[in-house]
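# A closer look at the structure
Residue strings, one per chain:
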Amino acid sequence: MRDDPAEVAYRRALALITALVVLVGVLWAVLTPAFRAPDEPQHVNSVLRLAYGGGWPAAGEALVGPAMTEAREQAALATDVPGRHLDRDGVPAFVSVPPTKDAERATVSRENALADPLPPGTDTRQLAPELVDQMTQHPPLYYAMAAGVLHATGLAESRWDVQLLALRLFDVALLLPLPLLTAATVRRLAGSRPAALVAASFTLFVPQVGHIMGSVTNDALVTLTGAVTAYLCVRVLTGDLRLRTAAGLGVVVGVGLLTKVMAAFALPVVVAAYLVASGPRGRRVLGALIAGAAAFAIGGWWWLRNLLVLGTVQPVGIPDRFLDDAQPQGLWYFLRTVVTSLTRSFFGNFGWLEIRVPDAVLWTAAVVVAILCVLAVVRGPANRAVAVLLLQPVALWCGVLVNAWPDYAAHGWISAVQGRYLFAGLLALGAGTALGLLALLGPRLRRATPWVIAAACAAAASGLAYGFWGFYQGPGQSVADAAARWAGWSPLSGGQLVLVGSVTLVVGAAAVVAAARFARAMPISRIARNASTAEPTTAAAAATPTTAAGSGSSS
């Protein structure tokens with residue numbers, strides 16, 4: 001039996017969309033100036049500490065090593081990029097600092113990687129925030145994996161900028177399964193190839209995903225485990241009650257819990273999946289228990305230990321620095337500020353939340369995603385399963401609000417509100433958006449697919465262009481000036497940067513073309529149906545006598 005032409009076209013388009021998602025992440029990894037992503041110096045510092053045997057100090061007692069301090073200075077991190085939403089008085093401009101030459105960039109080694117250890121219980125309150133590495137408030141799994149990457153690639157002792165790029169590319173690699181899992185989720189729920197391709201392209205509409213996943217952050221591993229968890233929950237919701245699926249689900253959640261507390265917000269989804277799934281109650285209860293036990297055995301114990309030993313689930317990594325309390329301005333102010341900050345930093349708030357995409361863009365995107373997700377729940381196929389799936393981003397969103405309230409109520413400050421904390425729910429949002437579009441367009445979505453993929457390419461390109469302007473193009477400067485500055489700061493040469501950009505453009509164009517060919521491809525079932533319809537017609541025509549030409553009679 002020959003392959004289904006529509007399936008072949010679908011797989012080709014999906015492969016190209018996945019490649020494009022990864023390449024956009026690579027472009028962000030080489031575009032973003034060194035350490036210009038949230039907490040990136042501390043993330044790298046914790047990787048180096050494990051790479052050089054420095055252990056995992058108690059939260060608040062880890063310091064930034066000499067190598068990272070020197071790297072920050074050589075990267076001109078204490079400057080303002082040109083696209084910053086608000087310039088600070090007395091802070092020099094990034095574009096006024098000449099790039100540090102490659103030969104002058106420090107090499108990380110055993111001599112400078114580790115900070116001198118502090119005596120246990122030392123109060124770091126009086127130290128400057130940039131000298132404290134708060135990442136030991138999290139479990140060490142991501143950092144151990146990243147340290148393994150440095151050793152496996154032979155880059156444990158190398159220039160800091162080369163290490164940084166290698167670690168960024170490691171995070172991009174963790175992004176690769178996301179479009180594939182999102183597409184597989186939609187096909188399992190709705191059986192729709194067009195909706196699956198739309199779902200796979202979702203992150204291209206969210207430039208912040210490429211920016212964060214193209215940086216060094218433990219959110220990369222949380223994003224991956226969140227996506228795998230959501231996919232396995234969908235398998236449960238669609239009848240997969242095998243015990244090995246439950247065990248696998250628990251392992252994935254456990255890995256997430258050994259990375260960051262945000263993974264805990266997947267637990268309600270797991271419970272709901274087994275509650276809603278069809279099948280014997282005993283089998284569903286056993287599956288939920290196996291998943292929970294595996295999750296606790298691998299990563300959940302960390303947080304119980306914190307609660308028992310430290311009296312809190314997650315200790316504070318940087319000691320309380322609210323020296324001058326502000327007056328809280330009420331619940332409405334809190335909600336308005338938190339919702340705006342979450343939405344902005346989910347869709348596009350680059351650097352250290354310095355470069356903001358226009359409000360019209362982010363609110364339009366947020367409204368479209370929200371409407372389509374609601375449509376998916378109200379009118380879409382498998383709407384009960386979709387509702388369970390969407391519990392994940394909803395729980396994350398609520399968790400961020402609840403976590404931010406105590407500091408606001410006590411000090412008047414709003415902290416720890418960033419859209420990347422919702423990235424564990426990206427699969428759910430991508431699937432919900434695509435299924436909502438399917439509910440809206442029905443069969444017409446097939447013809448619309450190439451237009452959606454083209455729009456995704458345009459959104460990704462616009463985000464990269466906006467980041468390029470915000471990071472490198474000073475007032476009155478040309479694009480050529482900005483490109484030269486980019487090449488000067490990058491560990492890659494100008495030619496290598498052009499190559500990465502060119503390959504991304506080619507793959508993007510190929511993805512649109514592949515989506516267009518998929519839209520025209522006829523499924524083999526329809527080909528067979530057309531053929532069976534045509535056979536009797538042909539036979540009847542052959543059996544009917546034909547009048548002479550020009551007689552005016554029809555055959």
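Rules and cut-offs
Residues numbered from 1 in each chain as written. Predicted model: local features only at pLDDT ≥ 70, side-chain atom pairs only at ≥ 80, totals over all residues. Heavy atoms only, no water. Helix = DSSP H or I, 4+ residues; strand = E, 2+ residues; numbered from the N terminus. Expected span 1.5 Å × (residues − 1). Buried < 20%, exposed > 50% of the residue type's maximum accessible area, 1.4 Å probe, protein only. Contact = heavy atoms within 4.5 Å. Core = buried A, V, L, I, M, F, W, Y, C linked by side-chain atoms within 4.5 Å. pLDDT = per-residue confidence, 0-100.

## Quick look at helix α13 (residues 331–347)
Look at α13: 24 Å from first C-alpha to last across 17 residues, which is about the 24 Å you get at 1.5 Å a residue. Those residues of α13 that fall on the buried side of the exposure criterion are F334, V338, T340, L342, T343, R344, S345, F346 and F347. On its buried face, α13 is in contact with α8 (207–213), α14 (350–353), β1 (355–356), α15 (359–378), α17 (391–411) and α18 (426–441).

## Digging into the nonpolar core
Most often, soluble globular proteins have nonpolar side chains that are buried together. Counting 165 residues, the largest nonpolar core has F35, V44, W160, V186, F346, L427 and Y472 as its most contacted members. At 17 residues, helix α1 (residues 5–31) tops the list of elements feeding residues into this core. Residues in contact with F35, not counting those within four places in the same chain, are E40, P41, V44, M68, A71, R72, A75, L77, W160, L164, R168 and W352.

## A word on helix α21 (residues 494–520)
Think of an α-helix as 3.6 residues a turn; residues three or four steps apart then line up on the same face. Here α21 is 27 residues long and its end C-alpha atoms lie 40 Å apart, about the 39 Å a rise of 1.5 Å per residue gives. Considered for burial, the residues of α21 that qualify are L497, V500, G501, T504, V507, G508, A511, A514, A515, F518 and A519. Against the buried residues of α21 lie α1, α7 (193–200), α19 (445–472) and α20 (479–489).

## Re the confidence of the model for the chain
When pLDDT is averaged along the chain, the result is 91; 92% of the residues meet or exceed 70. In this model residues 537–555 is a low-confidence stretch, pLDDT under 50, and it forms one contact with partners more than four residues away in sequence or in other chains.

## Looking at the environment of A146
Assignment of secondary structure puts A146 in helix α4 (residues 141–152). Not counting the four nearest positions on each side in its chain, A146 is found in contact with V47, L167 and F170.

## Topic: unusual backbone geometry
Glycine aside, negative phi is the norm for most residues, and most peptide bonds take the trans geometry. Phi is positive for F35, close to 65°, though the residue is something other than glycine. Inspection of the secondary structure assignment puts F35 in the loop between α1 and α2 (40–51). With relative accessibility at 1%, the residue F35 sits in the buried group. The phi dihedral of L353 falls on the positive side, at around 55°, and the residue is not glycine. In this fold, L353 is placed in helix α14. L353 gets classed as partly exposed once you look at its relative accessible area, which sits at 24%.

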